[in-house]
Amino acid sequence: MPLLALFSLSILWGSTFYLTKMLLPDFHPVSIVFFRCLFGAAALLPFFLWNKKKNDFKNLPALLLITLMSAGVPWTIMSLSIKNLDTTITSVLNATGPIIGMVISSLFLKIKIHKQEIISVFIGFTGIVLAFFAGSSTANEFKFSSAALFLFSVSVYSLSAVFVGKFLKDCSVYTLSFVSMIVGSVFSGFFMLGIEPMSHEALLNVKSFILFILLGMFNSGFGNVIFYYLVKSGGAIFALLIMYLMPFTTILLGVFLLQEPLAPGTLLALFFVLAGLFLSQRRKIK
């Protein structure tokens, strides 16, 4: 079940690139973060009201801080930095998430890391590096500051996943997801008011509204529910392996939907990623 959930989430989050690309002509990246969080919160509200538990809020400061780290801070920073980064560069930077999560879990939180988890993370990272070289025919220019910001956002996101598993184990996945969307809306909303205060006018466009339903309600709202389910069922490191699958989902969607070419090296890279995923779950399915 966790593996099925992981692949389902990879389809949702892998398609985020295309949905965001379609919204960029009419919205600033920060405005897209605000509305995707707002639409996500709207979708999750009935599930939150139905499934919330009193104990979900017993550690409110931790809940607010950790959920801010899971959506508001990383999504906003990513939206500002990604404009100056090639997609292949972001794939490699994004793939450091499981490694960061593993280091934080082991060194700072003293969480026991199984040997096969370490091996699976590095096998998957090998696949991402292979995909990078397979998809990069030329050296792409990028700003170091943008890369540093993006890497910081990945670190914050990875840290939040580890913290959920450590400090919010008893919190409902619906509460975690709903609060993430609300906190993300508030955080990104401050930036949006200063950058693009009249962005709501573009929502009158039917196409934009439908795109935000897909991006906000499904990719962000329900996608977060699946992610927190993965954290609770398979652990933070396993959940963060989604960062290895996302680039391939994006590539395959481009092949099937946009008839983009598929580099032969990409298939080899995908094999490494899938091998890493299988190894990460081998102990659990024996």
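This text goes with the structure placed above it.
This section reports on the structure supplied with the text. (Residues numbered from 1 in each chain as written. Predicted model: local features only at pLDDT ≥ 70, side-chain atom pairs only at ≥ 80, totals over all residues. Heavy atoms only, no water.)

**Side note on the overall build of the protein chain**
At step 1: When helices and strands are counted, the protein chain shows 13 helices and 0 strands.
At step 2: In sequence order, the protein chain lays out its α and β elements as α-α-α-α-α-α-α-α-α-α-α-α-α.
At step 3: For the protein chain, with 286 residues in total, the buried portion stands at 51%.
At step 4: Here the analysis covers contacts within the protein chain between residues at least 6 apart in sequence; of these, 89% occur between residues at least 24 apart.
At step 5: Carbon and sulfur atoms make up 72% of the accessible area of the protein chain, which amounts to about 13700 Å² in all. (Helix = DSSP H or I, 4+ residues; strand = E, 2+ residues; numbered from the N terminus. Buried < 20%, exposed > 50% of the residue type's maximum accessible area, 1.4 Å probe, protein only. Contact = heavy atoms within 4.5 Å. Areas by Shrake-Rupley, 256 points an atom, 1.4 Å probe, with all protein chains shown as cover.)

**Remarks on the environment of Glu201**
At step 1: Position of Glu201 among the secondary structure elements: in the loop between α9 (173-195) and α10 (206-234).
At step 2: The exposure class assigned to Glu201 is partly exposed, which follows from its relative accessible area of 46%.
At step 3: For Glu201 and Asp26, which are 175 residues apart along the polypeptide, the C-alpha to C-alpha distance reads 9.9 Å.

**What to know about helix α8 (residues 144-167)**
At step 1: Between its terminal C-alpha atoms α8 stretches 34 Å, which fits the 34 Å expected from 24 residues at 1.5 Å a residue.
At step 2: Listed as buried for α8 are Ser146, Ala147, Phe150, Ser153, Val154, Val156, Tyr157, Ser158, Ser160, Ala161, Val162 and Val164. (Expected span 1.5 Å × (residues − 1).)

**A look at a nonpolar patch on the surface**
At step 1: On the surface, Leu80, Ile182, Val186, Phe190, Phe191 and Ile195 cluster together to form a nonpolar patch covering roughly 540 Å² of accessible area.
At step 2: Looking at which element gives the most residues to the nonpolar patch, the answer is α9, with 5 residues.
At step 3: Residue classification places Leu80 among the partly exposed residues on the basis of a relative accessible area of 34%. (Patch = residues over 30% accessible without salt bridge, like charges linked within 9 Å, V, L, I, M, F, W, Y side chains within 5 Å. Salt bridge = Lys/Arg side-chain N within 4 Å of Asp/Glu carboxyl O.)

**Some thoughts on the packing of α8 against α10**
At step 1: Two elements in contact, α8 and α10, have axes separated by 9 Å at closest approach and are oriented at 55°. One way to sum up the angle between α8 and α10 is to call them oblique. Between α8 and α10 the crossing geometry is right-handed. Residue-level inspection shows Tyr157, Ala161, Val164 and Gly165 of α8 in contact with α10, the latter providing Phe227, Tyr228 and Val231. (Axes fitted to C-alpha atoms, helices over the stretch in contact; angles between N-to-C directions. Parallel < 35°, antiparallel > 145°, perpendicular 65-115°, else oblique. Left-handed = near helix turned anticlockwise from the far one by under 90°.)

**Structural notes on the packing of aromatic side chains**
At step 1: Summed over all chains, the structure comprises 17 aromatic pairs.
At step 2: Ring plane angle 90° and centroid distance 5.0 Å describe the contact between Phe27 and Phe212, whose orientation is recorded as edge-to-face. Placement of Phe27 in the loop between α2 (16-23) and α3 (29-51) and of Phe212 in helix α10 is noted, with a sequence separation of 185 residues between them. Per residue, the accessibility class of Phe27 equals that of Phe212, and both read buried. (Phe/Tyr/Trp six-rings, centres within 6.5 Å; stacked < 30°, edge-to-face > 60°.)

All we've got here are geometric facts, nothing functional implied.
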